Amino acid sequence: MSKEFDILVIGGGPGGYVAAIRAAQLGFTVACCESNPYADPKGEPRLGGTCLNVGCIPSKALLHTSHLFEEAAHSFAGQGIETGAPKINVAKMLTRKNGIVDQLTGGIKMLFKKNKVTFLPGHGAFVGQAANGWKVKVGREEVEAKQVIIATGSSARHLPNVPVDNKIVCDNIGALDLDAVPKKLAVIGAGVIGLEMGSVWRRLGSEVTILEALPDFLSFADIDLAREALKIFTKQGLTIHTGITINEVKTGKKNVTVIYTDKNGKEVQLEADRLIVSVGRVPNTDGLNADAVGLKLNERGQIEVDAHCKTNLAGVWAIGDVVRGPMLAHKAMEEGVQVAELIAGQAGHTNLDTIPGVIYTTPEIAWVGRTEQQLKAEGVAYKVGRIPFLANGRALGIDAPEGFVKMLADARTDRILGVHIIGAGASDLIAEATVAMEFAGASEDLARICHAHPTLSEVVHEAALACDKRALHF
């Protein structure tokens with residue numbers, strides 16, 4: 001007899017495990033299946049998805065280590081701290097990173113146990129309808145569930161005819177596990193992953209060249225943010241070329257050659273010890289047996305859903321990277337909670353217009369809402385408040401004067417339409433803007449709130465004041 005559950009979640013990443021936990025809290029019998037072992041030493045399926053295993057969490061660990069290394073090498077002396085030249089132990093750095101991953105992925109198992117979620121190791125694929133829901137094959141067994149939540153995530157997009165071995169040519173997985181600092185590192189793709197991984201290895205001593213196909217750097221970001229970031233990253237030592245076309249990638253036993261055409265039409269040959277390919281991600285919908293049950297996908301391979309994450313099949317939902325919207329762990333988590341609560345008859349909701357984005361470089365980059373170029377294209381009248389971190393005492397005290405906060409507000413209603421930050425602590429500062437926008441706040445609302453002094457949050461406060469041309473410290 002098949003195991004029966006109220007809800008089966010296919011995929012144990014951020015969206016999946018959060019959906020399972022919330023559904024269990026609401027009184028449902030819940031199972032969650034996962035088949036990817038990632039780097040498990042025993043080859044057993046691991047919870048946490050790309051984010052915890054080979055994405056958000058391990059990359060932040062490496063970013064932190066490399067940031068400390070660079071500070072020790074270049075910033076300590078200016079603050080009166082006298083040390084010898086630092087050395088990096090890559091093996092120890094990776095051991096620390098892996099330990100953090102192990103701790104967090106193991107923690108999800110404990111959360112499942114605490115909330116009485118059944119973990120089913122194995123790949124989940126639809127078999128067909130059951131009397132009260134759906135039959136799904138998980139590994140070698142079949143289970144039945146009244147409701148199914150698909151949360152299978154995404155995988156790195158690879159370039160045609162460029163095999164990834166995660167030794168010489170790497171995607172996000174290999175980029176996190178280089179066993180030595182490459183003398184020369186090439187990166188294809190100047191997005192979040194490319195910039196973060198390029199920053200890690202540059203700080204540790206690599207000569208890093210980033211190649212971007214789009215004509216503009218960070219074209220998805222606010223134009224002022226992108227310009228400032230390019231200026232800062234170039235000054236730090238990243239070489240960034242935009243508007244290029246990859247012609248060929250030749251891989252040797254110990255190095256790689258990237259042949260590309262630059263924006264002026266000149267063919268260039270770039271030699272490197274390692275290559276990181278970071279050209280986006282594709283939804284993991286292969287293997288769901290979607291065709292057999294009539295699950296509708298779009299031309300990009302995403303599962304089609306409505307505003308409530310319902311698919312075209314009754315009792316089947318989809319969340320996270322396999323559906324429309326930004327491929328971000330926190331967005332997947334929100335949708336996981338939303339779906340669990342909707343199944344319980346509650347009013348679950350995810351506002352895709354206020355999903356913050358972050359790039360964890362130094363300085364950090366964060367944004368929420370619309371960019372200035374979007375507002376211009378839409379014909380929206382707006383006002384701008386922009387304040388540099390250079391005017392902030394806390395920023396100067398921690399030796400982080402670079403960047404700014406830029407706030408965009410409706411010219412008529414003063415409602416905040418977008419906030420864009422490049423500077424220290426941007427990943428945390430953006431939360432204030434997100435809260436304000438969720439409550440349809442105006443720039444005056446933030447301007448009239450007392451902010452602790454001295455803090456970096458005062459730059460957000462000053463930007464709100466600047467929307468009304470009444471900044472006090474700039």
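Residues numbered from 1 in each chain as written. Predicted model: local features only at pLDDT ≥ 70, side-chain atom pairs only at ≥ 80, totals over all residues. Heavy atoms only, no water.

### Digging into the environment of Arg 470
Phase 1 of the analysis: Along the chain, Arg 470 turns up in the segment after helix H14 (457–467).
Phase 2 of the analysis: We classify Arg 470 as partly exposed; its relative accessible area is 30%.
Phase 3 of the analysis: Considering only alpha carbons, one finds Arg 470 and Ala 186, 284 residues apart in sequence, at a separation of 46 Å.
Phase 4 of the analysis: With sequence-adjacent residues up to four places away left out, Arg 470 is seen in contact with Glu 444, Ala 447, Arg 448 and Leu 465.
Phase 5 of the analysis: Among the polar contacts made by the side chain of Arg 470, one reaches the side chain of Asp 468 at a distance of 3.1 Å. (Helix = DSSP H or I, 4+ residues; strand = E, 2+ residues; numbered from the N terminus. Buried < 20%, exposed > 50% of the residue type's maximum accessible area, 1.4 Å probe, protein only. Contact = heavy atoms within 4.5 Å. Polar contact = N/O pair within 3.5 Å; in protein donor to acceptor, adjacent residues only side chain to side chain.)

### Considerations on the layout of surface pockets
Phase 1 of the analysis: Estimated volume of the second largest pocket: approximately 880 Å³.
Phase 2 of the analysis: Lining of the second largest pocket is provided by 29 residues; of these, His 67, Glu 71, Thr 362, Pro 363 and Asp 399 occupy positions nearest its centre.
Phase 3 of the analysis: Of all the secondary structure elements, the ones that give two or more residues to the lining of the second largest pocket are helix H3 (56–74), helix H6 (192–203), helix H7 (223–236) and helix H12 (426–438).
Phase 4 of the analysis: If you tally residues by element for the lining of the second largest pocket, the top one is H3, at eight residues. (1 Å grid on protein atoms, 1.4 Å probe; cavity = no way out; pocket = protein on both sides within 12 Å on 5 of 7 lines; lining within 4 Å. Points joined across faces, edges and corners; volume = space filled by probe spheres on them.)

### Re the environment of Leu 313
Phase 1 of the analysis: Topologically, Leu 313 is positioned in the loop between helix H8 (290–293) and strand S17 (316–318).
Phase 2 of the analysis: It is 38 Å that separates the C-alpha atoms of Leu 313 and Glu 432, two residues lying 119 residues apart in sequence.
Phase 3 of the analysis: Discounting residues that sit within four places of it in the chain, Leu 313 has contacts with Trp 134, Val 293, Gly 294 and Leu 295.

### Observations concerning the packing of H3 against H6
Phase 1 of the analysis: Between H3 and H6, the least distance of the axes is 8 Å, while the angle of their chain directions is 35°. Considering only the axes of H3 and H6, their crossing is left-handed. Across from Ser 59, Lys 60, Leu 62, Leu 63, Ser 66, His 67, Phe 69 and Glu 70 in H3, the residues of H6 making contact are Glu 196, Met 197, Ser 199, Val 200, Arg 202 and Arg 203.
Phase 2 of the analysis: Considering only residue class, the contact of H3 with H6 consists of five nonpolar, four polar and five charged. (Axes fitted to C-alpha atoms, helices over the stretch in contact; angles between N-to-C directions. Left-handed = near helix turned anticlockwise from the far one by under 90°. Nonpolar A, V, L, I, M, F, W, Y, C, P; charged D, E, K, R; others polar.)

### Remarks on the packing of H3 against helix H4 (residues 90–115)
Phase 1 of the analysis: Contact geometry for H3 and H4: axes closest at 9 Å, N-to-C directions at 145°. The interaxial crossing formed by H3 with H4 has right-handed handedness. Residues Ile 57, Pro 58, Ala 61, Leu 62, His 64 and Thr 65 of H3 touch H4, and the partners they reach there are Met 93, Leu 94, Arg 96, Lys 97, Ile 100, Val 101 and Leu 104.
Phase 2 of the analysis: Across the contact of H3 with H4, the residue classes tally to nine nonpolar, two polar and two charged.

### Regarding unusual backbone geometry
Most peptide bonds adopt trans geometry, and most residues besides glycine take a negative phi value.
Phase 1 of the analysis: Residue Thr 362 is joined to Pro 363 through a cis peptide bond whose omega torsion reads 0°.
Phase 2 of the analysis: Assignment of secondary structure puts Pro 363 in the loop between strand S18 (357–359) and strand S19 (364–369).
Phase 3 of the analysis: Cis geometry marks the peptide bond from His 453 to Pro 454, where omega comes out at -5°.
Phase 4 of the analysis: Take Pro 454: it is sitting in the loop between helix H13 (443–447) and H14.

### Structural notes on the sheet that holds strand S12 (residues 245–251)
As a general point, the strands of a sheet are linked pairwise by backbone hydrogen bonds and lie either parallel or antiparallel.
Phase 1 of the analysis: Taken in spatial order, the three strands line up as S12-S13-S14 in an open sheet, and their pairing is antiparallel. Looking at the sheet topology across the chains shown, the edges are occupied by S12 and strand S14 (267–272). For this sheet, the mean angle separating the axes of adjacent strands, direction not counted, is 20°.
Phase 2 of the analysis: Across six bridges, the pairing between S12 and strand S13 (residues 256–261) is antiparallel. Each bridged residue has a counterpart across the sheet, and for Glu 248 the counterpart in S13 is Ile 259. (Pairing = 2+ DSSP bridges.)

### A look at the packing of aromatic side chains
Phase 1 of the analysis: Enumeration according to the criterion identifies three aromatic pairs in this entry.
Phase 2 of the analysis: Each ring, one from Phe 217 and one from Phe 233, has its centre 6.4 Å from the other, and the planes form 85°; the classification is edge-to-face. Pair noted here: Phe 217 is in the loop between strand S10 (207–211) and H7 and Phe 233 is in helix H7, with a separation of 16 residues, a long-range link. Like Phe 233, Phe 217 is buried. (Phe/Tyr/Trp six-rings, centres within 6.5 Å; stacked < 30°, edge-to-face > 60°.)

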